[in-house]
Amino acid sequence: LEWYVKVPHHEDYHLWCPVTINPEQRDWIEALHNDDAELGEVRMFPRGDEWYLHLTAHREVEETDVSESCTPIGVDIGETALATVCRLDECGSPTAPKVFSDEGSKVRQLREEYFTTSRRLQERGSEELLEERGDEIWRRIDDIVHTVTRRVVEYAERFNDSVLVLEDLTHIRENMDYGAYMNRRLHGWAFAQIHAQIRYKAEEKGIPVETVNPKNTSKRCHACGEEGTRPHQATFRCTNDDCWVSEYQADVNGATNIALRYLHGESLWQKTGGDDSVEDGAELTQPQ
């Protein structure tokens, strides 16, 4: 073990935890250590009996042109639908979308069950039973997340020269305050974990993963670019009377915008101001 992570524990001292790194990510770790890359968000999360460290890093790379033969597949992560994937055909039109809404509903139910059970058992002082019950619920959630991220990658395998396109996670607001209920929902939703799982599973299959600016991907119509409305959580309505889109499945519209943003070469570095990505705690997770 040659690497350690310093975990803040007390104002006078820290915990130094030994870690094993993925050999394929060694150059990124060394770049961070040598100040050749900029460290972004860092999170630790459990998976079974092990702890994993997920971090984001940025460094300069040579600019490359998007291949004309690639098949961009937008991935929209949300709370209503755990994930939505949609590929663009040769004309840049959304084709064969897949919405994992049942899985999102199941995860929400399990999380509500966890918080309700936690409150009840804490009142009874049953700490041991709380830990046992909590571990069981989160294992079930973790299984669902693993299944969905695997199926996202399997979806991409169906197409030639596919590229999975995700929203950039860099600008998550760690200090957001939407009240106790919303904070519980937003911080409990494992966006970084879902991203990490999609990345490493796609890498195992040789499928590239790219990120784009998340600004307004859920607000704008993928057909005309006009800002629309969300009369219901799963419904997007275009306000442009001249557009052929009147109502559209909202998560598919978002996934299509994500894929189009990559196809058009819009860099995540163009981000300005607040965005409405699900990680940033906006419309996809607000109660309707």
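Residues numbered from 1 in each chain as written. Predicted model: local features only at pLDDT ≥ 70, side-chain atom pairs only at ≥ 80, totals over all residues. Heavy atoms only, no water.

Asks: For this particular structure, what's the right way to read the sheet that holds strand β9 (residues 209-212)?
Replies: An order of β7-β6-β5-β8-β9 is seen for the 5 strands of this open sheet, with the pairing classed as mixed. The open sheet has two edge strands with one neighbour each: β7 (94-99) and β9. Within the sheet, the average angular offset between the axes of one strand and its neighbour, ignoring direction, is 25°. Each of β5 (71-77), β6 (83-88), β7, β8 (162-167) and β9 is contacted by helix α6 (residues 250-263), which is oriented at about 135° to β5, the strand it contacts most. (Pairing = 2+ DSSP bridges. Helix = DSSP H or I, 4+ residues; strand = E, 2+ residues; numbered from the N terminus. Axes fitted to C-alpha atoms, helices over the stretch in contact; angles between N-to-C directions. Contact = heavy atoms within 4.5 Å.)

Asks: Can you walk me through the sheet that holds strand β10 (residues 229-232) in this structure?
Replies: Within a beta sheet, neighbouring strands are joined by backbone hydrogen bonds and run either parallel or antiparallel to one another. As summarised here, the arrangement of the 3 strands in space is β10-β11-β12, forming an open sheet in which the pairing is antiparallel. The two strands at the open ends of the sheet, each matched to only one other strand, are β10 and β12 (247-249). Ignoring which end each strand starts from, the neighbouring axes of this sheet average 40° apart. Here β10 runs beside strand β11 (residues 235-237); their pairing, made up of 2 bridges, is antiparallel.

Asks: I'm lost on the pairing of β7 in this one. Help?
Replies: It is a general feature of regular strands that their side chains alternate between the two faces of the sheet. Pairing between β6 and β7: 4 bridges, direction antiparallel. If you follow V85 over to β7, its bridge partner there is K98.

Asks: Honestly, α6 in this entry has me stumped. Any pointers?
Replies: An α-helical turn contains 3.6 residues, so any two residues separated by three or four positions project in the same direction. When the terminal C-alpha atoms of α6 are compared, their 20 Å separation across 14 residues agrees well with the 20 Å that a helix rising 1.5 Å per residue should span. Within α6, 13 of the 14 residues are buried, leaving the element largely enclosed by the surrounding structure. In this structure Q249 caps α6, since a side-chain oxygen of it lies 2.7 Å from the backbone nitrogen of D251. After α6 finishes, the residue G265 shows a positive phi value of roughly 75°. (Expected span 1.5 Å × (residues − 1). Buried < 20%, exposed > 50% of the residue type's maximum accessible area, 1.4 Å probe, protein only. Polar contact = N/O pair within 3.5 Å; in protein donor to acceptor, adjacent residues only side chain to side chain.)

Asks: What should I look at first to understand the environment of T71 in this one?
Replies: Summarising the element assignment, T71 is placed in strand β5. Excluding residues that lie within four positions of it along the chain, T71 makes contacts with R87, L88, F159, N160, D161, S162 and V163. Within the structure, the side chain of T71 is placed 2.8 Å from the backbone oxygen of N160, a separation counted as a polar contact.

Asks: I tried to follow the pattern of salt bridges on my own but got confused; where do I start?
Replies: Working definition: two side chains of opposite charge can pair if their charged atoms are close together. For the structure on display, the rule yields 6 salt bridges. With a shortest N-O distance of 2.6 Å, E2 and R26 are connected by a salt bridge. With E2 in the segment before β1 (3-10) and R26 in helix α1 (residues 26-33), this pair connects stretches of sequence that are 24 residues apart. R26 gets classed as partly exposed once you look at its relative accessible area, which sits at 30%. Residue E154 pairs with R150 through a salt bridge whose shortest N-O separation is 3.0 Å. One end of the pair is E154 and the other is R150, both in helix α3 (residues 127-157) and 4 residues apart, which spans about a single turn. (Salt bridge = Lys/Arg side-chain N within 4 Å of Asp/Glu carboxyl O.)

Asks: I'm lost on the environment of R108 in this one. Help?
Replies: Locating R108 in the fold gives a position in helix α2 (residues 101-124). Once the C-alpha coordinates of R108 and L82 are considered, the two residues, 26 residues apart in sequence, prove to be 9.5 Å apart.

Asks: When you look at the confidence of the model for the protein in this model, what are you seeing that I'm missing?
Replies: Low-pLDDT stretches of the model should not have their predicted coordinates read in fine detail. Scored by pLDDT, the protein has a mean of 78; 80% of the residues are at 70 or more. Predicted confidence in the protein is weakest over helix α4 (residues 180-188), with a mean pLDDT of 49, and strongest over β6, with 93. pLDDT under 50 marks residues 267-288. Its contacts with residues more than four places away, or in other chains, come to 73 contacts. (pLDDT = per-residue confidence, 0-100.)

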